[in-house]
Amino acid sequence: MTHSSPPFEAVVFDFDGTLAELVIDFAAMKDMVAREAAARQAGTPPPNGLPALEYAALLAGRIRESSPDEAAAFEAAVARGIRDQEIAAAAAARLFPATKAALTRLADAGAKVGVITRNCRAAVLTVFPDLTDYAGVLLARDDARRVKPDPGHLLDALAALGVAPARALMVGDHPMDIATGRAAGTRTAGVASGRTTLATLAEHSPDYLAPDVGALVAMLGH
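Read on for a plain summary of the structure. (Residues numbered from 1 in each chain as written. Predicted model: local features only at pLDDT ≥ 70, side-chain atom pairs only at ≥ 80, totals over all residues. Heavy atoms only, no water.)

Things to note about the packing of helix H1 (residues 26-38) against helix H3 (residues 68-90)
Then, in step 1: Relative orientation of the contacting elements H1 and H3 amounts to 160°, with a least axis distance of 10 Å. Between H1 and H3, the angle is such that the two are roughly antiparallel. Where H1 crosses over H3, the two elements pack in a sense that is right-handed. Of H3, the residues touching H1 (which contributes Ala28, Met29, Met32, Val33, Glu36 and Ala37) are Phe74, Ala77, Val78, Gly81, Ile82, Gln85 and Glu86.
Then, in step 2: Classifying every residue of the contact of H1 with H3 by side-chain character gives nine nonpolar, two polar and two charged. (Axes fitted to C-alpha atoms, helices over the stretch in contact; angles between N-to-C directions. Helix = DSSP H or I, 4+ residues; strand = E, 2+ residues; numbered from the N terminus. Parallel < 35°, antiparallel > 145°, perpendicular 65-115°, else oblique. Left-handed = near helix turned anticlockwise from the far one by under 90°. Contact = heavy atoms within 4.5 Å. Nonpolar A, V, L, I, M, F, W, Y, C, P; charged D, E, K, R; others polar.)

A closer look at the side chain of Thr180
Then, in step 1: By the element assignment, Thr180 lies in helix H7 (residues 175-184).
Then, in step 2: Thr180 gets classed as buried once you look at its relative accessible area, which sits at 0%.
Then, in step 3: If near-sequence neighbours (up to four positions away) are discounted, Thr180 is found in contact with Lys148, Pro149, Asp150, Pro151 and Leu154. (Buried < 20%, exposed > 50% of the residue type's maximum accessible area, 1.4 Å probe, protein only.)

Some points on the packing of helix H2 (residues 52-66) against H3
Then, in step 1: With their axes 7 Å apart at the nearest point, H2 and H3 run at an angle of 160° to one another. By the criterion of interaxial angle, the relationship of H2 to H3 is roughly antiparallel. In this structure, H2 crosses over H3, and the sense of that crossing is right-handed. Seen from H2, the contacting residues are Leu53, Ala56, Leu59, Ala60, Ile63, Arg64 and Ser66; seen from H3, they are Pro68, Glu70, Ala71, Phe74, Glu75, Val78 and Ile82.
Then, in step 2: Taken together, the residues of the contact of H2 with H3 sort by class into 10 nonpolar, one polar and three charged.

Comments concerning the side chain of Asn119
Then, in step 1: Here Asn119 shows up in the loop between strand S2 (112-116) and helix H5 (121-127).
Then, in step 2: Setting aside anything within four residues of it in sequence, one finds Asn119 in contact with Asp16, Ile24, Glu86, Val124, Ala140, Arg141 and Asp142.

A short note on the nonpolar core
Then, in step 1: Membership of the largest hydrophobic core comes to 33 residues, with the highest contact counts inside it found for Phe13, Phe15, Leu131, Leu169, Val171 and Leu216.
Then, in step 2: Put simply, the parts of the chain that give this core at least two residues each are strand S1 (10-13), helix H4 (99-108), S2, H5, strand S4 (168-172), strand S5 (187-191), strand S6 (208-210) and helix H9 (213-220).
Then, in step 3: Dropping the residues within four chain positions of it, Phe15 is found in contact with Ala20, Leu95, Val115, Ile116, Thr117, Val124, Val127, Phe128 and Leu131.
Then, in step 4: Among the nonpolar cores identified, the runner-up in size contains 18 residues, and Leu22, Met29, Ala34 and Phe74 belong to it. (Core = buried A, V, L, I, M, F, W, Y, C linked by side-chain atoms within 4.5 Å.)

Quick look at the sheet that holds S5
Then, in step 1: Taken in spatial order, the six strands line up as S3-S2-S1-S4-S5-S6 in an open sheet, and their pairing is parallel. Edge positions in the open sheet fall to strand S3 (137-139) and S6, since each of these has one partner strand only. Averaged over all pairs of adjacent strands, the angle between strand axes in this sheet comes to 20°, irrespective of strand direction. (Pairing = 2+ DSSP bridges.)

Focus: H2
Then, in step 1: For H2, which comprises 15 residues, the first-to-last C-alpha distance of 22 Å matches the rise-based estimate of 21 Å (1.5 Å per residue) to within 8%.
Then, in step 2: Restricting attention to buried positions, one finds in H2 the residues Ala52, Tyr55, Ala56, Leu59, Ala60 and Ile63. Seen from one end, H2 has its buried residues packed into an arc of 135°, which puts them on one side.
Then, in step 3: At its buried positions, H2 is contacted by H1 and H3. (Expected span 1.5 Å × (residues − 1). Arc of directions from axis to C-beta.)

This is the structure in structure tokens:
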């Protein structure tokens with residue numbers, strides 16, 4: 001890539017499972033959300049496949065119907081609990097070996113780099129303290145007006161980078177990342193370095209598919 005222009009003006013990455021090890025226990029996180037809800041309202045439904053943030057929002061809405069004050073207390077407790085679990089997980093996580101070289105290769109080729117994540121900023125910077133040396137924007141959950149799969153999360157990052165969606169690539173390890181990119185109007189790439197296999201990612205028809213970010217960036221250089 002250092003000898004030719006990159007195929008995209010910007011490449012925006014998910015973080016956990018894409019640039020760094022995914023060690024967050026999402027089942028434990030949803031269990032915590034359910035416990036906080038059960039302490040305030042009987043009959044807490046299971047998550048039924050919902051991610052933790054969406055599950056918490058669903059339960060907050062149910063609690064709010066009978067007690068807005070209890071709903072506010074639930075939301076505050078869940079926010080603390082999720083952040084605590086994210087930061088604890090970050091202490092045990094590492095960047096993938098190929099991450100910094102891949103981001104450097106993109107930048108050297110003239111592409112702008114961004115990171116969007118549903119994780120909190122403190123956890124991301126625990127794992128990648130010099131991230132701003134490699135990326136022009138980081139929009140973590142606590143930075144974002146909307147979080148993926150809302151395309152606004154990606155669109156706000158691209159606006160900060162000054163790049164139109166049609167000239168950008170969204171990269172992630174989960175079908176949610178592919179859906180976010182497609183909804184925002186970018187091209188998409190799936191990497192199997194998280195908990196989703198290449199075969200499962202392929203079912204969602206990303207424009208690019210690779211085992212990890214190093215292989216993906218090498219692919220973009222051809």
